[in-house]
Amino acid sequence: MSYTGSCNQCGRCCQAWIRNADSWLVANCENLRWKGLPGEALSSYCAVHETREVGMPIRLVHLGKVVGESVCVANYPRPQDAIPPECSFVWAGEKSKQPQYVQGKGPDLNPHEV
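The structure reproduced in this document is the subject of the present report. (Residues numbered from 1 in each chain as written. Predicted model: local features only at pLDDT ≥ 70, side-chain atom pairs only at ≥ 80, totals over all residues. Heavy atoms only, no water.)

Here the bond from tyrosine 76 into proline 77 is cis, since omega is -5°, no more than 30 degrees from zero. The backbone phi angle of leucine 42 is positive, close to 60°, even though this residue is not glycine. With respect to the element layout, leucine 42 can be found in the loop between strand S4 (32-34) and strand S5 (44-46). According to the relative accessible area criterion, leucine 42 is exposed, its value standing at 56%. The backbone phi angle of leucine 63 is positive, close to 50°, even though this residue is not glycine. (Helix = DSSP H or I, 4+ residues; strand = E, 2+ residues; numbered from the N terminus. Buried < 20%, exposed > 50% of the residue type's maximum accessible area, 1.4 Å probe, protein only.)

Structure below.
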């Protein structure tokens, strides 16, 4: 099963939580642009939306510093993805089979620890 609906541009799917020495950092995809607050509808957009591809290399940025590398998940949400509560997509399958969201865990972007 998978999700139905369309993106509300909340930006949460383009963020990753990265562990550093003593805390967690919220990093954004280098192509994410903010128009409002993270998690609010219509608060963000992708600067390379028209040319992005699944698996495209991206850098993860925190306070202007590159803190990791990953790949674009342009087809988010995938059936295995747990979506944050701000997301406008709706699970279209059995509720018991829906991946459960955990605060701070976005799509599996496989970032490097810093």
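Picking up after the structure, the text goes on.
Residues Trp17, Trp24 and Val26 make up a contiguous nonpolar surface patch of roughly 290 Å² in combined accessible area. Within the element layout of this structure, valine 26 appears in strand S3 (residues 24-29). (Patch = residues over 30% accessible without salt bridge, like charges linked within 9 Å, V, L, I, M, F, W, Y side chains within 5 Å. Areas by Shrake-Rupley, 256 points an atom, 1.4 Å probe, with all protein chains shown as cover. Salt bridge = Lys/Arg side-chain N within 4 Å of Asp/Glu carboxyl O.)

So, on to the nonpolar core. Grouped together as the largest cluster of nonpolar side chains are 12 residues: Ala16, Ile18, Leu25, Ala27, Cys29, Leu32, Met56, Ile58, Leu60, Val67, Cys72 and Ala74. Mapped onto this core, the elements with two or more residues apiece are strand S2 (15-19), S3 and strand S6 (57-62). It is S3 that contributes the most residues to this core, 3 residues altogether. Aside from chain neighbours lying at most four places away, what touches methionine 56 is Asn31, Val48, Thr51, Ser70, Val71 and Cys72. Within the second largest apolar cluster, 7 residues are counted, among which are Val73, Tyr76, Ile83 and Cys87. (Core = buried A, V, L, I, M, F, W, Y, C linked by side-chain atoms within 4.5 Å. Contact = heavy atoms within 4.5 Å.)

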